[in-house]
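# Observations on chain architecture
The primary structure of each chain is shown beneath.
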Amino acid sequence: MKKTIKIAVIVIGVLAVALFVFRIWTKSSSPFEKVELSQGELNVTVEYCRPYMRGRKIFGELVPFGTVWRTGANEATVITFSKNVRLAGNQVKAGKYSLWTIPNKKNWTVILNRETGQWGTNYNEKDNILSFVVPSAELGQTIDQFTIQLKSAEKGIDMSLNWENTGVNVPVR
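The numbering scheme is per chain: residues are counted from 1 as the chain's sequence reads. In keeping with the model being predicted, local features are shown solely for residues with a pLDDT of at least 70 and side-chain atom pairs are shown and tallied solely at 80 or more, while totals for entire chains, interfaces and linings include all residues. Side-chain metrics in this entry use all non-hydrogen atoms of the structure; hydrogen atoms and water are not considered.

## Considerations on the environment of Gly60
- Each helix corresponds to a stretch of at least 4 residues labelled H or I by DSSP, and each strand to a stretch of at least 2 residues labelled E; elements are numbered beginning at the N terminus. By the element assignment, Gly60 lies in the loop between strand S2 (42-49) and strand S3 (77-81).
- Only protein chains enter the accessibility calculation, which uses a 1.4 Å probe. A residue is then buried if its area is under 20% of the maximum for its type, exposed if over 50%, and partly exposed in between. Of the residues examined, Gly60 reaches a relative accessible area of 36% and is grouped as partly exposed.
- Once the C-alpha coordinates of Gly60 and Pro103 are considered, the two residues, 43 residues apart in sequence, prove to be 8.3 Å apart.

In structure tokens, the structure reads:
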């Protein structure tokens, strides 16, 4: 009995170390970023990991068109609102959500999901609280590393998602 317990403890220990090393390795390839901006009483925070192009074709290949994407790398991207807001005209309560997208050639579907903290491939559509479509635009330059930016805007904040040669803007009001 004692031998079985020792073996189980060793196996669990090895698996825990392997998971820890795997997470550190993936973070070195797609580093963690936290962006935050306050505008009046509104505070928006986005926590995500930033993958690089590394010579790959991104949209339409690495990130297939018409497929749910974690909007970054590693864990699911998390967005937090300090107060009730409107995203592209859609009402959202204050709180923390995972942010998902479905890229397409001319527009993207933006999705807020109530589950947070999951690995970025564990998407459950049943937990969606909102989805809406915004236009995408071709950028005049190539963005090598996926970037989410928050910028002050009239009556709120604009959140932009940029990678490769594509940009998407989501107004937060």
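## Description of the side chain of Ser160
- Along the polypeptide, Ser160 turns up in strand S9 (residues 156-172).
- Residue classification places Ser160 among the buried residues on the basis of a relative accessible area of 11%.
- What qualifies as a polar contact is a pair of N or O atoms within 3.5 Å, subject to a donor-acceptor requirement within protein and to the restriction that residues adjacent in sequence count only when both atoms come from side chains. Polar contacts involving the side chain of Ser160 include one to the side chain of Asn162, which spans 3.3 Å.

## Here's the deal with the nonpolar core
- The nonpolar core is taken to be a set of buried Ala, Val, Leu, Ile, Met, Phe, Trp, Tyr and Cys residues, with the residues joined through side-chain atoms within 4.5 Å. Core analysis: the biggest nonpolar cluster contains 34 residues, and Val44, Val46, Ile79, Phe81, Leu87, Leu112 and Met159 have the highest contact counts within it.
- Contributions of two or more residues to this core are made by strand S1 (32-39), S2, S3, strand S4 (85-87), strand S6 (95-103), strand S7 (107-113), strand S8 (128-153) and S9.
- When residues in this core are grouped by element, the largest group, seven residues, is from S9.
- Setting aside residues no more than four positions away along its own chain, Val46 makes contact with Glu33, Lys34, Val35, Thr77, Val78, Ile79, Ile148, Leu150 and Met159. Two residues form a contact once any of their heavy atoms are found within 4.5 Å.

## Looking at the packing of aromatic side chains
- Pairing of aromatic rings covers Phe, Tyr and the six-membered ring of Trp, with a centre-to-centre limit of 6.5 Å; geometry is then stacked below 30 degrees between planes, edge-to-face above 60, and tilted otherwise. Throughout the structure, instances matching the rule amount to 10 aromatic pairs.
- Ring centres 4.9 Å apart and planes at 55° place the aromatic pair Trp100 and Tyr123 in the tilted group. In this pair, Trp100 is assigned in strand S6 and Tyr123 in the loop between S7 and S8, connecting sequence segments 23 residues apart.
- Classification of Trp100 as buried rests on a relative accessible area of 1%.
- Within the aromatic cluster, the residues linked to one another by ring pairs are Tyr48, Phe59, Trp69, Trp108, Phe146 and Trp163.

Such coordinate-based values are descriptive only and should not be taken to indicate function.
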